[in-house]
Amino acid sequence: MSNKKRQMVTIIGLLVLLVAAGVAYYGATVYQKEQAKKESAEDNTETTLYAMDVGKINKLHLVTDETDVTYVKKEGIWHDASDEQFPVNQDNIVEMLDDVAQVNASKLVVENPDDISQYQLDKPSYRVELEDEEGNSNTLVIGMESVAAEGYYAYVGDADKIYAIGSNVTDALNYTWGEMMELPETPDITAAYVTAFKMTPAKGDVFEAVYNEKRAVYKDYEAWDIKSPYKKVMPGSASALETLFGGLVSLSYVDGVAYHATKAQKKQYGLDKPTYTLDVSYYTLDETQGTGETDATQTEEVKTEHVFQLSVGAKDDLEENYYVSIRGEKGIYRIPADTIDGLVDIDAFETLCKTPHKANVDTLQEIVLTQGGKSHKITMTKEEVKNAISEDNSPVYNYFVKLDGKEVEDETFRTTYNNVFSELVYRGEIDGAVKAVGEEPVQSITIKTDDRNLTMKFLPYDGVNFYRIELNGDCLFLVDKNVADKVFAKLLASA
């Protein structure tokens, strides 16, 4: 055989070997991938350690580092086996059972372990014993948490097999005694539906606001009266009060402290002499189906009145919550301190309707302006227009304005009257530490309307920025000196 032929045979042989090697390598790679997939699938296959029907479980015994409690179900209701009177939170029990009624293991960690203490199973974090109405039972023992095992080490029954179980199994097993207490229903208070609010502190001024659209000072406008802390009833601001009442929506109980409080417990938690007492009157609107005049069913709103009283005691050790009691309930509970503080730290001045005179020019009868010993009188009379009806079917009037007996233009006066009294507002409370620069009124305004008489006197204060305003004999607040001075000028100029 020639050299060329020998070389060709060698080359062909090498190519055959190379192809065979490639096929073998490809086959080995595919095999390894398939094995890896198979092993991964086996690793991800969960093992059900036990499964029980939540609805049939009638006993739960839970032991942790901080508690040892047994709950039993009788006639569909869960009770604390050691205290039948304890009001058990039924929802929390169901949540606990949902987590432990069926337990799956992500993997088997070890069989027949020599030392279970390395998994903290000799002194477990949790021990859960379950029984159902058919006599079936299971005991789950949970040790330490392991990042490597991605969960807890645990065993069921005997410790011959230790598994890794999901960390979510213990989510609902950490309720405290107070959290397991059934709490009162949170009042459904909408700020706009509050009709009375009273805050009584152990020390300091009472704050009280009452809504009355028939008898309030400004019944035609805001209809809120601030009955305290001022020495006379003051008109309240509906928007400011609604902001205050908005805190009532956040009322929620953290947990329970006592379900049948004794006198000693009330004293212990500062509820024998409350730090604050809140009295709230409000209503709710519920839709009901009523039958109208026709056969068609109509939806109607039913208004229901409610009264809620909350007594606030001391703060807890961390000062994060207040101890509270509720009228009609026998227990003591905790509510977050910031929620309570928002309802009791009240700046009464900020809840006022700060306008001394709510101007409705159509009701005006007479204004007397006195300044520097001189007085001016503005009168307004009206005359009904016969056979004229407004859009709301009320009578139509012509109005006539006079200054010191001389007739003036009506529309200009109307605009000025509304503007000057909307700008004249309270700017603050009188500071008793400030020594007034005089006691004689600088000027006064007497206003007579269809429904009220009002006398405003402007007295010196600091001599620069403010007047004290005396309203029908009561001097409580300050107004801007510059604004008050312009009331006279603008009213006389418009008339």
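Details of the structure are given in the entry above.
Residues numbered from 1 in each chain as written. Predicted model: local features only at pLDDT ≥ 70, side-chain atom pairs only at ≥ 80, totals over all residues. Heavy atoms only, no water.

1. Comments concerning the overall build of the chain
Moving on, step 1. A count of helices and strands for the chain gives seven helices and 27 strands.
Moving on, step 2. Looking at the chain residue by residue over its 495 residues, the buried ones come to 38%.
Moving on, step 3. Sequence-distant contacts, at least 24 apart, represent 59% of the contacts inside the chain between residues at least 6 apart.
Moving on, step 4. When the accessible surface of the chain is totalled, it reaches about 28,600 Å², and 47% of it is carbon and sulfur. (Helix = DSSP H or I, 4+ residues; strand = E, 2+ residues; numbered from the N terminus. Buried < 20%, exposed > 50% of the residue type's maximum accessible area, 1.4 Å probe, protein only. Contact = heavy atoms within 4.5 Å. Areas by Shrake-Rupley, 256 points an atom, 1.4 Å probe, with all protein chains shown as cover.)

2. Re the environment of Arg468
Moving on, step 1. Checked against the element boundaries, Arg468 lands in strand S26 (residues 466-471).
Moving on, step 2. According to the relative accessible area criterion, Arg468 is buried, its value standing at 10%.
Moving on, step 3. For Arg468 and Lys481, which are 13 residues apart along the polypeptide, the C-alpha to C-alpha distance reads 8.8 Å.
Moving on, step 4. At 2.6 Å, the side chain of Arg468 and the backbone oxygen of Pro460 are in polar contact. (Polar contact = N/O pair within 3.5 Å; in protein donor to acceptor, adjacent residues only side chain to side chain.)

3. Let's talk about the sheet that holds strand S8 (residues 151-156)
Moving on, step 1. Strand order across the open sheet formed by nine strands is S1-S5-S9-S8-S7-S6-S2-S3-S4, with antiparallel pairing between neighbours. Each end of this open sheet is capped by a strand with a single partner; those strands are strand S1 (47-51) and strand S4 (77-80). Between one strand axis and the next, the sheet turns through 30° on average, direction left out of account.
Moving on, step 2. Pairing of S8 with strand S9 (residues 161-165) involves three bridges; the strand directions are antiparallel. Counted as the bridge partner of Ala154 is Tyr163 from S9. (Pairing = 2+ DSSP bridges. Axes fitted to C-alpha atoms, helices over the stretch in contact; angles between N-to-C directions.)

4. So, the environment of Val307
Moving on, step 1. Inspection of the secondary structure puts Val307 in strand S16 (residues 297-315).
Moving on, step 2. Sequence-wise, Val307 and Val280 are 27 residues apart; in three dimensions their C-alpha atoms are separated by 5.7 Å.
Moving on, step 3. Every residue in contact with Val307, bar those within four places of it in the chain, is listed here: Val280, Ser281 and Arg327.

5. Re the side chain of Asp316
Moving on, step 1. With respect to the secondary-structure elements, Asp316 resides in the loop between S16 and strand S17 (321-326).
Moving on, step 2. A relative accessible area of 7% places Asp316 in the buried class.
Moving on, step 3. Here Glu320 takes part through its backbone nitrogen, which lies 3.0 Å from a polar atom of the side chain of Asp316.
Moving on, step 4. Asp316 has contacts with Asn321, Tyr323 and Arg334, leaving out every residue within four places of it along the chain.

6. Let's talk about helix H6 (residues 410-423)
Moving on, step 1. For H6, with 14 residues, the first-to-last C-alpha span of 20 Å sits near the 20 Å given by 1.5 Å per residue.
Moving on, step 2. Among the residues making up H6, those that are buried are Asp410, Phe413, Arg414, Thr416, Tyr417, Val420 and Phe421.
Moving on, step 3. Where H6 begins, the side chain of Glu409 points an oxygen toward the backbone nitrogen of Glu411, at a separation of 3.2 Å. (Expected span 1.5 Å × (residues − 1).)

7. Observations regarding helix H2 (residues 90-100)
Moving on, step 1. Regarding H2, the residues found buried are Asn92, Ile93, Met96, Leu97 and Val100. All buried residues of H2 fall inside an arc of 135° around its axis, so they share one side. Turned more than 90 degrees off the buried face of H2, the exposed positions are Asp91 and Asp98.
Moving on, step 2. If you check the start of H2, you find a side-chain oxygen 3.1 Å away from the backbone N of Asp91, and it comes from Asn89. (Arc of directions from axis to C-beta.)

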